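Below are the chains, spelled out letter by letter.
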Amino acid sequence: SSIVKVLDFGISKTSDALTSGAQTSTQSILGSPYYMSPEQLRSSKNVDRRTDIWSMGVILYELLTAMLPFQAETLGGLFASILEDAPMRIRLRRPEVPAELEAVVWRCLTRSIGQRIASAADLADALAPFASENGLASVDRILAGAAGAGAGPTGPEGVAVGPNGPVPRGAT
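All of these numbers come straight from a predicted model, not from anything done at the bench.

As for the pattern of salt bridges
Step number 1: Tallied over the full model, the rule gives four salt bridges.
Step number 2: In this structure, Arg50 and Asp48 form a salt bridge, with 2.5 Å as the shortest nitrogen-oxygen distance.
Step number 3: By relative accessible area, Asp48 is classed as partly exposed at 34%.
Step number 4: A salt bridge links Glu102 to Arg89, with the nearest nitrogen and oxygen atoms 3.3 Å apart. Remark: Arg89 occurs in the loop between helix H3 (75-84) and helix H4 (90-93) and Glu102 occurs in helix H5 (residues 99-108); sequence separation between them is 13 residues.
Step number 5: We classify Glu102 as buried; its relative accessible area is 5%.

Focus: H3
Step number 1: Within H3, the full set of buried residues consists of Leu78, Phe79, Ser81 and Ile82. One side of H3 carries all its buried residues, which in axial view fall inside an arc of 160 degrees. Exposed residues pointing more than 90 degrees away from the buried face of H3 are listed as Gly76 and Glu84.
Step number 2: Those residues of H3 that are buried lie in contact with helix H1 (38-42) and helix H2 (49-65).

Focus on the confidence of the model for the chain
Step number 1: A residue-level look at the chain finds 69% of positions with pLDDT of 70 or above and a mean pLDDT of 79.
Step number 2: Within the chain, strand S1 (residues 161-162) has the poorest average pLDDT of any element, 40, and H5 the best, 97.
Step number 3: Scored below 50 in pLDDT, residues 12-26 makes eight contacts in the model with residues more than four places away or belonging to other chains.
Step number 4: Segment residues 154-172: pLDDT under 50, and 29 contacts once partners within four positions in sequence are set aside and those in other chains are kept.

Here's the deal with the environment of Ile82
Step number 1: Counting through the fold element by element, Ile82 comes out in helix H3.
Step number 2: In sequence terms Ile82 and Phe70 are twelve residues apart; their C-alpha atoms lie 6.1 Å from each other.
Step number 3: Each residue touching Ile82, except ones within four places of it in the same chain, is listed here: Pro33, Met36, Ser37, Pro38, Leu41, Trp54, Phe70 and Arg111.

Quick notes on the side chain of Thr110
Step number 1: Examined against the element boundaries, Thr110 turns out to sit in the loop between H5 and helix H6 (120-127).
Step number 2: Judged by its relative accessible area of 18%, Thr110 falls in the buried class.
Step number 3: Sequence-distant contacts of Thr110, defined by excluding residues within four places in its chain, comprise Trp54, Gln115 and Arg116.

Looking at the nonpolar core
Step number 1: Among the nonpolar cores identified, the biggest contains 24 residues, and Ile90, Val105, Leu109, Ile117 and Leu123 are the most heavily contacted of them.
Step number 2: Counting only elements with at least two residues in this core, the list comes to H2, H3, H5 and H6.
Step number 3: Element by element, the count of residues in this core is highest for H2, at six residues.
Step number 4: Excluding anything up to four places from it in sequence, Leu123 contacts Ile53, Met56, Leu60, Val104, Cys108 and Ile117.
Step number 5: Of all hydrophobic cores here, the second largest spans six residues; its members include Ala121, Ala124, Val139 and Leu143.

Criteria and cut-off values
Residue indices follow the written sequence of each chain, beginning from 1 at its first position. Local features are withheld for residues below a pLDDT of 70 in this predicted model, meaning they are given only at 70 or higher, and side-chain atom pairs are given and counted only at 80 or more; totals for whole chains, interfaces and linings count all residues. Hydrogens and water are ignored here; the side-chain numbers use all heavy atoms of the structure. Between Lys or Arg on one side and Asp or Glu on the other, a salt bridge is scored when a side-chain nitrogen of the former is within 4 Å of a carboxyl oxygen of the latter. Note on classification: 1.4 Å probe, protein chains only; a residue is buried when its accessible area is under 20% of the maximum for its type, exposed when over 50%, partly exposed between these limits. To qualify as a helix, a DSSP run of H or I must reach at least 4 residues; to qualify as a strand, a run of E must reach at least 2; elements of each kind are numbered from the N terminus. Our arc is simply the arc of the directions from the helix axis toward the C-beta atoms. Contact definition: two residues touch when any of their heavy atoms are within 4.5 Å. In predicted models, pLDDT denotes the confidence assigned by the predictor to each residue on a 0 to 100 scale. Joining through side-chain atoms within 4.5 Å is the link that ties buried Ala, Val, Leu, Ile, Met, Phe, Trp, Tyr and Cys residues into a set, and such a set is a nonpolar core.

Structural data, given as structure tokens:
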């Protein structure tokens, strides 16, 4: 069976020599503004995988509240909001959302890169307690892929790893 992996949120890099002058520059804005991380607003040249974690946080917020966490009438206002404002608490909009799930979203949307969830594997692991059976199977595939690449979970929600990779939930 095929597995779909989200690797990027709309920014592609090319190795084609014909387009080498059109790659990311300090004068370019690359990305969907509502989903751009603070570091991406400052300079698209120095972003890493944690900018995608920010974007996933925006998507999670939007899925849970049916609203974007940062809104403004102008592009400049939106950028200022992303850089300076705190979004309305999810549980104020949707009190039935578990506080622990809200905390995962805030860990995605922290402006401090060092405090943000570090990887897709860490995010999958943090979301696992809220996942369906199919969702847990996806989490296990993500964690197994990360372990195979030598990059397992790095946060406090670590997963047990046996000699053949991650140990399925409930098996420890």
